[in-house]
Amino acid sequence: QVQLVESGGGLVHPGGSLRLSCAASGSIFSNYNMAWYRQAPGKQRELVAGMTSGGNTNYADSVKGRFAISRDNAKNTVYLQMNSLKPEDTAVYYCNKDLRYYHIAYWGQGTQVTVSS
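Conventions and cut-offs
Residues numbered from 1 in each chain as written. Predicted model: local features only at pLDDT ≥ 70, side-chain atom pairs only at ≥ 80, totals over all residues. Heavy atoms only, no water. Helix = DSSP H or I, 4+ residues; strand = E, 2+ residues; numbered from the N terminus. Rg over C-alpha atoms; globule rule 2.2 N^0.38 Å. Buried < 20%, exposed > 50% of the residue type's maximum accessible area, 1.4 Å probe, protein only. Contact = heavy atoms within 4.5 Å. Areas by Shrake-Rupley, 256 points an atom, 1.4 Å probe, with all protein chains shown as cover. Phe/Tyr/Trp six-rings, centres within 6.5 Å; stacked < 30°, edge-to-face > 60°. Pairing = 2+ DSSP bridges. Axes fitted to C-alpha atoms, helices over the stretch in contact; angles between N-to-C directions.

## Remarks on the overall build of the protein chain
Here comes step 1: A tally of regular secondary structure across the protein chain gives 0 helices and 10 strands.
Here comes step 2: Taking 13 Å as the expected radius of gyration for a compact globule of 117 residues, we find that the protein chain reaches 13 Å, a close match to that expectation.
Here comes step 3: Seen along its three principal axes, the alpha-carbon backbone of the protein chain occupies a region of about 40 × 25 × 25 Å.
Here comes step 4: Residues classed as buried in the protein chain amount to 44% of the 117 residues present.
Here comes step 5: Across the protein chain, contacts joining residues at least 24 apart in sequence account for 56% of those joining residues at least 6 apart.
Here comes step 6: Split by element, the accessible area of the protein chain, about 6000 Å² in all, is 47% carbon and sulfur.

Structure follows, in structure tokens:
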């Protein structure tokens, strides 16, 4: 099982940037396709960015061109660089294995991102 700790969230003005980090432990991190998700109040959790173990990336249309996912397998860490943030990006952000490939039994606490003027 993979344990996950997300960090890097905060309050940012529209147009600003944040870089989220996700430290993973407990399994062979580099073997997994990983993803970032977010859940806004009153909405379902959605996948915003994915990265395969081989380095291929994919993004939700709502964040394409603004967000970038990356990983450092040596550090067991996944990153999400978020630029040109909008108020609608406000949510709790989580990382995890990519649920399109794996069953997910555990979620970390996530990190809150608030975009507001």
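## Observations regarding the packing of aromatic side chains
In this description, an aromatic ring pair is defined by two values, namely the gap between the centres and the angle between the planes.
Here comes step 1: Scanning all chains against the criterion turns up 4 aromatic pairs.
Here comes step 2: When the centroid spacing of 5.2 Å and the interplanar angle of 80° are considered together, the rings of Tyr-32 and Tyr-102 count as edge-to-face. Residue Tyr-32 is located in the loop between strand E3 (18-25) and strand E4 (34-39), and its partner Tyr-102 is located in the loop between strand E9 (91-97) and strand E10 (111-115); the two are separated by 70 residues in the primary sequence.
Here comes step 3: Since its relative accessible area comes to 24%, Tyr-102 is described here as partly exposed.
Here comes step 4: On the numbers, 5.8 Å between centres and 80° between planes, the contact of Tyr-94 with Trp-107 is edge-to-face.

## So, the sheet that holds E10
Here comes step 1: Pairing is mixed in the open sheet, where 6 strands are placed in the order E2-E10-E9-E4-E5-E6. Both edges of this open sheet fall to strand E2 (10-12) and strand E6 (57-59), since each of them pairs with a single strand only. Adjacent strand axes in the sheet meet at a mean angle of 25° when their direction is disregarded.
Here comes step 2: Summarising the sheet, E9 and E10 pair through 3 bridges and their orientation is antiparallel. Counterpart to Ala-91 in the pairing with E10 is Val-113.

Read these as geometric descriptors, not functional statements.
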